[in-house]
Amino acid sequence: MRDDEEMGRITLAQVAQKAGVSISTVSKVLNGRQDVAPPTRIKVERLLETHAYRRTARSSREAPLIEIVFHELDSIWALELIRGVENVAKANQASVVLTESGTRHSPSPDWIEGVLQRRPIGVVLVFSALPQAVKQQLRARSIPFVIIDPAGDPDPDVPSVGSANWTGGLAATRHLIELGHRRIGIITGPEDMLCSLARLDGYRSAMSMAGLDTGPELVRFGNFHVEGGYDRAMEMLDLPERPTAIFAGSDLQALGVLEAARVNGLRVPHDLSVVGYDDVQVARWSSPALTTVHQPLRQMAEEAAQMLLRLRTEEPAATRLELATSLVVRKSTAPPPSGD
């Protein structure tokens, strides 16, 4: 193992000595090889973490790849994020590899083994957080990583790019209030995602400042998909006093609200106003075209990829970049029906 692969006062030879294994075994652990017994791997990983080991030299095995990791690739906004990363990768003579792994909160444990073997120049992760052990393993191998975080609020020691969810929720609700709506429902995302709660807080702040009711019957948690918007909207539209407007926490959920309105014989926006969130391409082609909150997904991905490339030559730092959201008014909102 090369002499330049050391950190501070500890070398790989010293890690091997403390673990009671050979240098080649430590090398296998560093490179994600499978032919190491689990107890030995754990012992070596703990020593690397304890001594804050970093591989400072760039390996000739490093692939000109940027890896982007999602928990699901079938979401419509994933395409915008992929395009953003590809724009930066292409400009830097790199390629992009896509990985689907884990839950919306973090990648699955077996993902780390694969990425250590692939040795990309960096990793962009679309998650809310990373387990401490994963962060340490990536740092020890000098594989920089950045979180694109439309879903939550990452740990303060993780470089990340997000957007202003609270401001987006506030702007969407204020728009409906300014049109004259007083009974406004919200279908936000999952209850365990901070972006869902931030958009809900923005909604509640706007309603409170206008002196309007935000009773529990007007608040629903969806799943950011069409069926979630449809199911929750059907519940709201079945209320004795239904809302005249619904703010959906994603454009896909807003499409579900449009379908629920159609099933109930309601015209959008004449009988029901609808606001979405994200401003994905389908929003402008829905019928009617969606008023929505523009979340700069492609720009978020570009910023994350550029941050990643900077981390290859700069000392890692906990950087949180939050991009602005903005309201895009189209055809799905109007003043409430007369008399409401």
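My aim in this report is to walk through the structure given alongside it, one point at a time.

Each value, and the rule that gives it
- Residues numbered from 1 in each chain as written.
- Predicted model: local features only at pLDDT ≥ 70, side-chain atom pairs only at ≥ 80, totals over all residues.
- Heavy atoms only, no water.
- Axes fitted to C-alpha atoms, helices over the stretch in contact; angles between N-to-C directions.
- Helix = DSSP H or I, 4+ residues; strand = E, 2+ residues; numbered from the N terminus.
- Parallel < 35°, antiparallel > 145°, perpendicular 65-115°, else oblique.
- Left-handed = near helix turned anticlockwise from the far one by under 90°.
- Contact = heavy atoms within 4.5 Å.
- Nonpolar A, V, L, I, M, F, W, Y, C, P; charged D, E, K, R; others polar.
- 1 Å grid on protein atoms, 1.4 Å probe; cavity = no way out; pocket = protein on both sides within 12 Å on 5 of 7 lines; lining within 4 Å.
- Points joined across faces, edges and corners; volume = space filled by probe spheres on them.
- Phe/Tyr/Trp six-rings, centres within 6.5 Å; stacked < 30°, edge-to-face > 60°.
- Lys NZ or Arg CZ within 6 Å of the ring centre and 35° of its normal.
- Core = buried A, V, L, I, M, F, W, Y, C linked by side-chain atoms within 4.5 Å.
- Buried < 20%, exposed > 50% of the residue type's maximum accessible area, 1.4 Å probe, protein only.

### A look at the packing of helix 9 (residues 226-237) against helix 10 (residues 251-263)
Look at helix 9 against helix 10: their axes get within 7 Å of each other, and the N-to-C directions meet at 45°. Relative to helix 10, the element helix 9 lies oblique. In this structure, helix 9 meets helix 10 at a crossing whose hand is right-handed. In contact with Val226, Gly229, Tyr230, Ala233, Met234 and Leu237 of helix 9, helix 10 contributes Leu252, Gln253, Leu255, Gly256, Val257, Glu259, Ala260, Ala261 and Val263. Residue composition of the contact of helix 9 with helix 10, grouped by class: 11 nonpolar, 3 polar and 1 charged.

### Observations regarding empty space enclosed by the protein
According to the stated counting rule, one finds 1 cavity of 30 Å³ or more in the structure shown. Taken as a whole, the largest cavity holds about 40 Å³ of empty space. Lining the largest cavity we find Ile76, Trp77, Phe224, Ser250, Asp251, Leu252, Asp278 and Val280. Its residues placed into classes, the lining of the largest cavity shows 5 nonpolar, 1 polar and 2 charged.

### Points about the packing of aromatic side chains
Tallying each qualifying case throughout the model produces 1 aromatic pair. Seen from their ring centres, phenylalanine 247 and tyrosine 277 are 6.4 Å apart, and the 40° between their planes marks the pair as tilted. Taken as a pair, phenylalanine 247 in strand 10 (residues 245-248) and tyrosine 277 in strand 11 (residues 273-278) lie far apart in primary sequence, 30 residues in all. Its guanidinium or amino end placed over the ring of tyrosine 277, arginine 199 lies 3.8 Å from that ring's centre, counting from NZ or CZ.

### Looking at the nonpolar core
Grouped together as the largest cluster of nonpolar side chains are 28 residues, with contacts concentrated most on Ile66, Leu81 and Ile148. Elements with a contribution of two residues or more to this core: strand 3 (63-70), helix 4 (76-91), strand 5 (120-125), strand 6 (145-148) and helix 11 (297-311). No other element matches the 9 residues that helix 11 contributes to this core. Not counting residues up to four positions away in its chain, the partners in contact with isoleucine 66 are Val85, Ala89, Ser95, Val96, Val97, Ile121, Gly122, Val124, Leu308 and Leu309.

### Looking at the packing of helix 7 (residues 165-178) against helix 8 (residues 194-209)
Relative to each other, helix 7 and helix 8 sit at 40°, their axes nearing to 7 Å. The angle between helix 7 and helix 8 places the two elements in the oblique class. In the packing of helix 7 onto helix 8, the handedness of the crossing is right-handed. Residue-level contacts link Asn165, Trp166, Gly169, Leu170, Thr173, Arg174 and Ile177 of helix 7 to Cys195, Ala198, Arg199, Asp201, Gly202, Tyr203, Ser205, Ala206, Met207 and Met209 of helix 8. Partitioning the contact of helix 7 with helix 8 into residue classes produces 9 nonpolar, 5 polar and 3 charged.

### Quick notes on unusual backbone geometry
Going from valine 268 to proline 269, the amide bond is cis rather than trans, its omega being 10°. Topologically, proline 269 is positioned in the loop between helix 10 and strand 11. With an omega dihedral of 0°, the bond running from serine 287 to proline 288 counts as a cis peptide bond. Its location among the elements puts proline 288 in the loop between strand 11 and strand 12 (291-294). The residue phenylalanine 224 is not glycine, and still its phi comes out positive at about 70°. Tracing the backbone through its elements, the reader meets phenylalanine 224 in the loop between strand 9 (219-221) and helix 9. With relative accessibility at 14%, the residue phenylalanine 224 sits in the buried group. Even without being glycine, aspartate 279 reaches a positive phi, approximately 65°. For aspartate 279, the position within the fold is in the loop between strand 11 and strand 12.

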